[in-house]
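Geometric and topological summary
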Amino acid sequence: MVSRRQFLAGTGALLLSERSANADDPTPAIPIYLTIDDGPTSFMKDIVDVLGDKGKATFFLVGRNLAENSSRMNGLDLARYAVEHGHDLGNHSYSHPWFSYHSIEKAKEQIEKTRELIETVYAQCGKTAPLFFRFPFGDNGCTYRIKNGKKDSIGSREHKQELADLLMGMGYSTYNWAVVDYAPNSRFMKPKAVVLTHDWPNGLGVKVSREYLDSGKFDLAALPHPAAPGYELRHI
């Protein structure tokens, strides 16, 4: 049985499988986890195509985007395309709210509605969905917002713990991030760093994915599937 201490340590300690470096290559690629939030948008397919067989990612999807079926896009089709090409999907809530303002009941509803959609996609692909969750805005129930140029604290430690217990009980693992967008020289850019970018209508996710590939310096992977749920209370 996993102890509570081990559980709360989160998944940050999970490592990428070590890949043998070419003995003739003095600068082997740095292994990193690529995570892409807020999709799907119509650019999701482009991201998958840009990555091709050279890299993989975990897409943290917003349920209302995933449920969209319009002349602009079909969210479920886009998500299925990603899974079919070896990428993973994570839960980023249904409507991307600040969780500090949500009751536990509302928070659970946000998570469950998106979970059902993601599981539908994986079932259509004949696979089992991993249980990854990422809070919108990084708001785990106790954080701050910027108002009029000043930090405004919201939520509470008690609510943060309630949300941690909720996710733990639902079997979710959470991942925060160390680097945002293309930042190869960031002091946080280390082997197995979690990189965050976004699938936004401006094509940001396509641009950042291409930059990492074109640099030739990084080995892009989806998040590992933990043996047991892991909740990370610390925001990197």
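Residues numbered from 1 in each chain as written. Predicted model: local features only at pLDDT ≥ 70, side-chain atom pairs only at ≥ 80, totals over all residues. Heavy atoms only, no water.

**Some points on helix 2 (residues 44-51)**
When we look at burial in helix 2, the residues that qualify are M44, I47, V48 and L51. Around the axis of helix 2, the buried residues are gathered within 95 degrees of arc, so they sit on the same side. Where helix 2 is buried, its residues touch strand 1 (30-39), strand 2 (58-61), helix 4 (75-84), strand 3 (88-91), helix 7 (204-215) and strand 10 (218-221). Count one or two residues on from helix 2 and you reach G52, which has phi positive near 50 degrees. (Buried < 20%, exposed > 50% of the residue type's maximum accessible area, 1.4 Å probe, protein only. Helix = DSSP H or I, 4+ residues; strand = E, 2+ residues; numbered from the N terminus. Arc of directions from axis to C-beta. Contact = heavy atoms within 4.5 Å.)

**Observations concerning the packing of helix 5 (residues 104-124) against helix 6 (residues 157-170)**
Put simply, helix 5 and helix 6 touch, their axes get as near as 11 Å, and they point 35 degrees apart. Considering how the two elements wind past one another, helix 5 and helix 6 form a crossing that is right-handed. In contact with I104, A107, K108, I111, E112 and R115 of helix 5, helix 6 contributes H159, E162, L163, L166, L167 and M170. Each residue belonging to the contact of helix 5 with helix 6 can be placed in one class, and the counts come to seven nonpolar, one polar and four charged. (Axes fitted to C-alpha atoms, helices over the stretch in contact; angles between N-to-C directions. Left-handed = near helix turned anticlockwise from the far one by under 90°. Nonpolar A, V, L, I, M, F, W, Y, C, P; charged D, E, K, R; others polar.)

**What to know about the packing of helix 2 against helix 7**
Contact geometry of helix 2 with helix 7 gives a least axis separation of 9 Å together with a crossing angle of 5 degrees. One element, helix 2, and the other, helix 7, form an angle in the roughly parallel class. Of the residues in helix 7, those touching helix 2 at D46, I47, V50 and L51 are G205, V206, S209, R210 and L213. Its residues assigned to classes, the contact of helix 2 with helix 7 comprises five nonpolar, two polar and two charged. (Parallel < 35°, antiparallel > 145°, perpendicular 65-115°, else oblique.)

**Here's the deal with the pairing of strand 3**
Covered by surrounding structure in strand 3 are D88 and G90 together with L89 and N91, the residues of both alternating faces. By the bridge criterion, four bridges tie strand 2 to strand 3 in an arrangement that is parallel. Across the sheet, F60 pairs through a bridge with G90, a residue of strand 3. (Pairing = 2+ DSSP bridges.)

**Describing the side chain of D37**
Note that D37 resides in strand 1. Side chain to side chain, D37 and R134 meet in a polar contact 2.9 Å long. Beyond its immediate stretch of four places on either side in the chain, D37 contacts F60, H92, R134, L196, T197, H198 and D199. (Polar contact = N/O pair within 3.5 Å; in protein donor to acceptor, adjacent residues only side chain to side chain.)

**Some words on the nonpolar core**
The biggest cluster of nonpolar side chains holds 34 residues, and the ones touching the most others in it are I32, F59, L89 and Y212. Excluding residues within four positions of it along the chain, Y212 makes contact with I32, V179, D181, Y182, A183, M189, V195, F218 and L220. In this structure, F99, I111, L163 and Y172 belong to the second largest nonpolar core, which totals ten residues. (Core = buried A, V, L, I, M, F, W, Y, C linked by side-chain atoms within 4.5 Å.)

**Looking at the confidence of the model for the protein**
Averaged over all residues, the pLDDT of the protein is 88; the fraction at 70 or higher stands at 85%. Every residue in residues 1-23 is under pLDDT 50, and counting partners more than four places away or in other chains gives 40 contacts. (pLDDT = per-residue confidence, 0-100.)

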